[in-house]
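# Descriptive analysis of the structure
Below, each chain spelled out in residue letters.
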Amino acid sequence: MIQENLPPSLFPGQLMLRWLTACCYEIRLPGGKTLITDPFLPAPDDPAVHWRKYSYGTTVADLEGGDYALISHPHGDHIGSIMELFDRFGCRVLCHDAYAMQLVTSFRIRQQMVFPFANNQHYAFADFTLDTSLARHSYENEPELLARKELRLLDKGTPFEALYPYGSLYNTNFIITARNNVKIAFCGGSFEDVERNRWRDAGINILLRQCGTPIRQNDYERLAQDLMDTGAELMLPLHHEGVYGKQEVMPFVEKVNETLGKRGYPGRMFMPEQGRWYRLGMGIFAR
């Protein structure tokens, strides 16, 4: 359940999160450490003009913490702020081992602060555990978007150019398990059979799910089914920002929830307000 404007003393040690832009969430873990997913926080006047459309005015300077950076894949709209994040917080950088050294080389990140992972690996940190699984950037029957081809050209001559090809080959999905046992699944690409087979029994509470393509295609049934397949209680969106048209997002969410209701599934999709903190976990209320 998501709780807003509640006295923190009633809910000690709870996990908190807020959506910032694209696939970037700031997650405050129960022990107080902070995890940033796919760090990309361009400014409205970003020198890279093609990134400005993603800006909501929040930059790395506005983050409250940055102990860990978790990367699903190394396209510019997922790692665009990694060097600035590392310079400010000296964060641990978690990324696939296939491009870990290229990330170090491109962004001057200290090797000892990079924690490479492989597919189907379990990592146990003091503040959370991480389970990884193979994903693809898009479904096999979906053509490469023209915008992506343009993006590849715009990245020529930048530190992102060498990393771009890895973005589709080594996309990774995650389960983040906090110390209070709240489980967050992060799925930024296609929803593969491995998630349906493994995540169903994992006891997931929250699904962070890439919604840009389904929103463009008005495929609300796909997202409803993805939530049902994980058994999660709540689904929060990734990559749904204004680049896809703000006006279509809320009606889309309503269609997803209407579909879930018709199918008798108790979980729902929730649209977070950009930059607003939410507490997640159990509470007790009098009727």
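Residues numbered from 1 in each chain as written. Predicted model: local features only at pLDDT ≥ 70, side-chain atom pairs only at ≥ 80, totals over all residues. Heavy atoms only, no water.

## Remarks on the overall build of the protein chain
When helices and strands are tallied, the protein chain shows 9 helices and 15 strands. Expressed as a percentage of the 287 residues in the protein chain, the buried residues total 54%. Look at the contacts in the protein chain between residues 6 or more apart in sequence, and 66% of them connect residues 24 or more apart. Of the roughly 12,800 Å² of accessible surface on the protein chain, a fraction of 51% belongs to carbon and sulfur atoms. (Helix = DSSP H or I, 4+ residues; strand = E, 2+ residues; numbered from the N terminus. Buried < 20%, exposed > 50% of the residue type's maximum accessible area, 1.4 Å probe, protein only. Contact = heavy atoms within 4.5 Å. Areas by Shrake-Rupley, 256 points an atom, 1.4 Å probe, with all protein chains shown as cover.)

## Concerning the pairing of strand 7 (residues 114–117)
Of the strand pairs in this sheet, strand 6 (residues 92–96) and strand 7 are connected by 4 bridges, and their pairing is parallel. Bridge pairing in strand 7 links V93 to V114. (Pairing = 2+ DSSP bridges.)

## Things to note about the sheet that holds strand 14 (residues 268–269)
As summarised here, the arrangement of the 7 strands in space is 8-9-10-11-12-13-14, forming an open sheet in which the pairing is mixed. Taken across any chain shown, the strands that pair with only one partner, and hence form the sheet edges, are strand 8 (122–124) and strand 14. Examined bridge by bridge, strand 13 (residues 234–238) and strand 14 share 2 bridges and lie parallel to one another. From the neighbouring strand, L234 faces strand 14, where its bridge partner is R268.

## With respect to helix 3 (residues 100–107)
Among the residues of helix 3, A100, L103, V104, S106 and F107 are the ones counted as buried. Of the surrounding secondary structure, the elements contacted by the buried residues of helix 3 are helix 1 (76–79), helix 2 (82–89), strand 6 and strand 7. Immediately downstream of helix 3, the backbone of R108 shows phi near 55°, a positive value.

## Some details on the packing of aromatic side chains
Applying the stated criterion to the full structure yields 12 aromatic pairs. Where F115 meets F125, the ring centres are 5.7 Å apart and the plane angle is 70°; that geometry is what we call edge-to-face. With F115 in strand 7 and F125 in the loop between strand 8 and strand 9 (128–135), the pair connects residues that are 10 residues apart, well separated along the chain. Judged by centre distance (5.2 Å) and plane angle (20°), the rings of Y123 and F125 are stacked. Across the pair, exposure class does not vary: Y123 and F125 are buried alike. Put simply, the rings of Y68, F115, Y123, F125 and F128 pair up and form one aromatic cluster. Positioned over the ring face of W277 is R28, at 4.4 Å from the centre of the ring. (Phe/Tyr/Trp six-rings, centres within 6.5 Å; stacked < 30°, edge-to-face > 60°. Lys NZ or Arg CZ within 6 Å of the ring centre and 35° of its normal.)

## Brief notes about the side chain of K183
Summarising the element assignment, K183 is placed in strand 11 (residues 183–187). D131 provides the closest opposite charge to the buried, salt-bridge-free K183, at an N-O distance of 6.0 Å. At a separation of 3.2 Å, a polar atom in the side chain of K183 contacts the side chain of T177. Other than its neighbours up to four places away in sequence, K183 contacts I175, I176, T177, A202, G203, I204, N205 and I206. (Lys, Arg positive; Asp, Glu negative; His and termini not counted. Salt bridge = Lys/Arg side-chain N within 4 Å of Asp/Glu carboxyl O. Polar contact = N/O pair within 3.5 Å; in protein donor to acceptor, adjacent residues only side chain to side chain.)

## Thoughts on the pattern of salt bridges
Considering all chains together, one arrives at 8 salt bridges under this definition. A salt bridge links K262 to E258, with the nearest nitrogen and oxygen atoms 3.2 Å apart. Taken together, the positions of K262 and E258, both in helix 9 (residues 249–262) and 4 residues apart, correspond to about one turn of that helix. Take E258: its relative accessible area is 45%, and that puts it in the partly exposed class.

## Concerning the nonpolar core
Of all hydrophobic cores here, the largest spans 30 residues; its most connected members are I71, I79, I82, V93, L103, F107 and I109. Taken together, the elements giving at least two residues each to this core come down to helix 2, strand 6 and helix 3. Per element, the largest residue contribution to this core is 4 residues, and it comes from helix 3. Apart from residues lying up to four places away in sequence, I109 is in contact with I82, F86, V93, L103, V104 and V114. Among the nonpolar cores identified, the runner-up in size contains 27 residues, and L17, L70, Y123 and F174 belong to it. (Core = buried A, V, L, I, M, F, W, Y, C linked by side-chain atoms within 4.5 Å.)

## Overview of the pairing of strand 4 (residues 34–37)
With burial as the criterion, each face of strand 4 is covered, one bearing T34 and I36 and the other bearing L35 and T37. What sits between strand 3 (residues 24–28) and strand 4 in their antiparallel hairpin is a turn of 5 residues, with G32 showing a positive phi close to 105°. The pairing of strand 4 with strand 5 (residues 68–70) spans 3 bridges and is classified as parallel. Bridge assignment links T37 to a residue of strand 5, and that residue is L70.

## A word on the side chain of D127
Among the secondary structure elements, D127 is positioned in the loop between strand 8 and strand 9. Within the structure, the side chain of D127 is placed 2.5 Å from the side chain of Y68, a separation counted as a polar contact. In this structure D127 touches L29, K33, Y68, A178 and R179, once residues within four positions along its chain are discounted.

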